[in-house]
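# Architecture and fold: a report
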Amino acid sequence: MSRKISRRVQRIESSATLKMADLAKKLRRKGEDVISLGVGEPDFDTPYNIKECSKQALDDGFVHYTDSKGIPELRELLSEKLSRDNGIKKKPSEIILTPGAKFAIFLACQTLLEDGDKALLFDPSWVSYKESVKMTGAEVEWCSMNEDLRPSVEEYKDILESENISIVVLNSPCNPTGQVYSEEEVRELVEIALDNDATVLSDEIYEKIVYNRDHYSPASDYQDVVTINGFSKTYSMTGWRLGYIVADEDLINQFIKIQQHSVSCPTSFAQKGALCALNDPVSDEVVSEMVERFRDRRDLLVEGLNSFSEVECVTPEGAFYAFPDVGRDSDMVAERLLRECHVVVTPGSAFGEDSRNNIRISYARSEERIKEALERMEEIFD
Ligand code: PMP
Ligand code: GLU
């Protein structure tokens, strides 16, 4: 049978991060002692109190479709959280709960882009932005980062002034670099985008995972910025699939059409668990402990990496990724690490052309495993 696959889908690449996760699982099933530093997800369990709320919801028969935007009480709590934690003043009606923040990004791209449009992304940036843009028929304009893995503002301004850019995606704390941008840096980037009529999507999924840095949400000062966030990273709820998008009502009314005709609503009992994540002080304590553990792991990893003479690692300020320059082609390095050391990392090429010499290491693993990974890496690095 000759089957036609749309050009739109043929243009899309599969996810490099999820590929690394699958690979690690496959090797483990074969009995290999694999250390997976590939996929970016916390290794901690979801806090107990959150799971209990969700279990209770199941027992209570809370198993049907919910409002397509998500349950009103969760949007109410999110509206309070956004005001308290982020300084963002938005009504519950200006929030849509989505099945993961990834789907929120998809909604935004589908709504704001079409054939021939352009989106500005930083090189490097998280793998799914590029493909979400391409799925709409739009193209990506890449803006480089400086040596210290921060946006190159001059180049950014040039692109916005010379090209017709429809959207800009900002991501601080950043996946894959782990850098956190200051309020001044974010304001400058947002103002340049707005001056040039581009919509800013601010992906803040790692907002709570910061080390001695403050997270700044641009929608607190710029009403037109679209904010994306979710429960996956903060509460170790990756498998629950729950994210959200915050925007003005006009945009929300457009986004919701796609949600209604694709996924209907987010999972009912996952939303009940999320209520507890926001409501119960126990969750905050668990999050702080988790961030402390990430900080120790970061220090251990960065020190270890920088002890290899050919590796240079900028200290990450947030999220749980290190993005060292390994001084040579990272596809080859990632392959050798996998084959010879059974350590899974993601090659920098997955995140952009400029990062061919970087690898992304997710340090959401125990200190013992990180130590062991560093020992195994001695085979590859001097
Ligand atoms: N944004 C960034 C920068 C991410 O790293 C991830 C991780 N998958 C997401 C969004 C999406 O997270 P989720 O769909 O699990 O909410
Ligand atoms: N965001 C994580 C990562 O970058 C999870 C996998 C994914 O969805 O890409 O590894």
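The shown structure was predicted, so the numbers you read here are calculated from the model rather than taken from an experiment.

## Structural notes on the packing of helix 7 (residues 153–162) against helix 8 (residues 183–195)
The contact between helix 7 and helix 8 brings their axes to 9 Å, and the two run at 15°. Relative to helix 8, the element helix 7 lies roughly parallel. Every pair of crossing elements has a handedness; the one defined by helix 7 and helix 8 is right-handed. Of the residues in helix 8, those in contact with Val-153, Tyr-156, Lys-157 and Leu-160 of helix 7 are Glu-188, Leu-189, Val-190, Ile-192 and Ala-193.

## Overview of helix 11 (residues 281–306)
Note: α-helices contain 3.6 residues per turn, so residues at a spacing of three or four share the same orientation. Counted at 1.5 Å a residue, the expected span for helix 11 with its 26 residues is 38 Å, and the 38 Å between its end C-alpha atoms agrees. For helix 11, every residue scored as buried is listed here: Ser-283, Val-287, Met-290, Val-291, Phe-294, Arg-295, Arg-297, Arg-298, Leu-301, Val-302, Gly-304 and Leu-305. Contact partners of the buried residues in helix 11: helix 3 (48–59), helix 10 (268–279), strand 9 (321–322), strand 12 (359–362) and helix 13 (367–377). For helix 11, the side-chain oxygen to backbone nitrogen distance between the N-cap and Val-282 is 2.9 Å, and the N-cap itself is Asp-280.

## Some details on the site of ligand 1
Around ligand 1 there are 13 residues in total, and Ala-101, Asn-175, Asp-203, Tyr-206 and Ser-232 lie nearest to it. Contact between ligand 1 and Lys-102: an oxygen atom at 3.0 Å from a main-chain N or O atom of the residue. The separation between an oxygen atom of ligand 1 and a polar side-chain atom of Asn-175 is 2.7 Å. Here ligand 1 loses 93% of its free accessible area of 400 Å² to cover by the protein chains. Spatially, ligand 1 is embedded in the largest pocket. Looking at the shell around ligand 1 residue by residue, the class counts come to five nonpolar, four polar and four charged.

## Some words on the packing of aromatic side chains
Scanning the entire structure with this criterion turns up twelve aromatic pairs. Considering the side-chain rings of Tyr-206 and Phe-320, the 5.5 Å spacing of their centres and the 85° angle between planes classify their relative orientation as edge-to-face. Of this pair, Tyr-206 sits in the loop between strand 6 (199–203) and strand 7 (226–230) while Phe-320 sits in the loop between helix 11 and strand 9; the two residues are 114 residues apart in sequence, bridging distant segments of the chain. Look at Phe-320 and you get buried, because its relative accessible area is 0%. Taking 6.0 Å as the distance between ring centres and 85° as the angle between the ring planes, the aromatic pair formed by Phe-323 and Phe-351 counts as edge-to-face. You can see Phe-323 sitting in the loop between strand 9 and helix 12 (330–341) and its partner Phe-351 sitting in the loop between strand 11 (346–347) and strand 12, a full 28 residues away along the chain. Aromatic ring contacts, followed pair by pair, group Phe-44, Tyr-206, Phe-294, Phe-320 and Tyr-321 into a single cluster. Just above the ring of Phe-62 sits the side chain of Lys-272; from NZ or CZ to the centre is 4.5 Å.

## Digging into the site of ligand 2
Near ligand 2 the following residues occur: Thr-17, Leu-18, Val-39, Gly-40, Lys-102, Trp-126, Asn-175, Tyr-206, Lys-233, Tyr-321 and Arg-360. Between ligand 2 and Gly-40, the relevant distance is 2.7 Å, taken from an oxygen atom to a main-chain nitrogen or oxygen of the residue. Between ligand 2 and the protein, one listed contact pairs an oxygen atom with a side-chain N or O atom of Lys-102 at 2.8 Å. Compared with its free state, where it exposes 280 Å², ligand 2 has 90% of that area covered by protein. Put simply, ligand 2 lies in the largest pocket.

## Notes on the nonpolar core
If you look at the biggest cluster of nonpolar residues, it comprises 114 residues, and the most contacted ones within it are Tyr-156, Phe-231, Phe-255, Leu-305 and Met-377. By residue number, the principal contributor to this core is helix 5 (residues 101–112), which donates eight residues. Core analysis: the next-biggest nonpolar cluster, separate from the first, contains six residues, Ala-24, Leu-27, Val-34 and Val-344 among them.

About the thresholds
Think of each chain on its own: its residues are numbered from 1, step by step along the sequence as written. Going through the entries in the order they are written, you letter the chains from A and number the ligands from 1. Per-residue local features are limited, in this predicted model, to residues with pLDDT of at least 70; the limit for side-chain atom pairs, both in listing and counting, is 80 or more; totals at the level of whole chains, interfaces and linings are taken over all residues. Heavy atoms from the whole structure form the basis of all side-chain values; hydrogens and water molecules are not counted. Fitted lines through C-alpha atoms give the axes, limited to the stretch in contact for helices. The angle between two N-to-C directions lies from 0 to 180 degrees. Each helix corresponds to a stretch of at least 4 residues labelled H or I by DSSP, and each strand to a stretch of at least 2 residues labelled E; elements are numbered beginning at the N terminus. Roughly parallel covers angles under 35 degrees, roughly antiparallel covers those over 145, roughly perpendicular covers 65 to 115, and oblique covers all other angles. The sense of a crossing depends on the near helix, which, turned anticlockwise from the far helix by less than a right angle, makes the crossing left-handed and, turned clockwise, makes it right-handed. Any two residues whose heavy atoms approach within 4.5 Å are treated as being in contact. Between the first and last residue of a helix there are one fewer steps than residues, each counted as 1.5 Å, and that sum is the expected span. For the exposure calls, accessible area comes from a 1.4 Å probe over protein chains only, and a residue counts as buried if that area is under 20% of its type's maximum, exposed if over 50%, partly exposed in between. Polar contacts, as counted here, are pairs of nitrogen or oxygen atoms within 3.5 Å of one another; within protein the pair requires one atom able to donate a hydrogen and one able to accept it, and residues that are adjacent in sequence qualify only if both atoms are side-chain atoms. The rule for a residue being near a molecule or strand is that one of its heavy atoms must lie within 4 Å of it. A 1.4 Å probe and the Shrake-Rupley method give the accessible areas. Residues count as covered only by the protein chains that appear here. For cavity detection a 1 Å grid was placed over the protein atoms alone, and a set of points counts as a cavity when a 1.4 Å probe fits there but cannot get out; an open set counts as a pocket when protein lies on both sides within 12 Å along at least five of seven lines, with lining residues being those that have an atom within 4 Å of a point. For this analysis, a molecule is said to be in a pocket or cavity if more than half of its atoms are within 2 Å of the grid points defining it. Polar here means any residue outside two lists: the nonpolar Ala, Val, Leu, Ile, Met, Phe, Trp, Tyr, Cys and Pro, and the charged Asp, Glu, Lys and Arg; Gly therefore counts as polar. Ring geometry is summarised as follows: Phe, Tyr and Trp rings, the Trp one being its six-membered ring, pair when their centres sit within 6.5 Å, and such pairs are stacked at plane angles under 30 degrees, edge-to-face over 60 and tilted between the two. Only when the NZ of Lys or the CZ of Arg is both within 6 Å of the ring centre and within 35 degrees of the ring normal is a charge said to sit over the ring. To qualify as a nonpolar core, a set must consist of buried Ala, Val, Leu, Ile, Met, Phe, Trp, Tyr and Cys residues joined through side-chain atoms within 4.5 Å.

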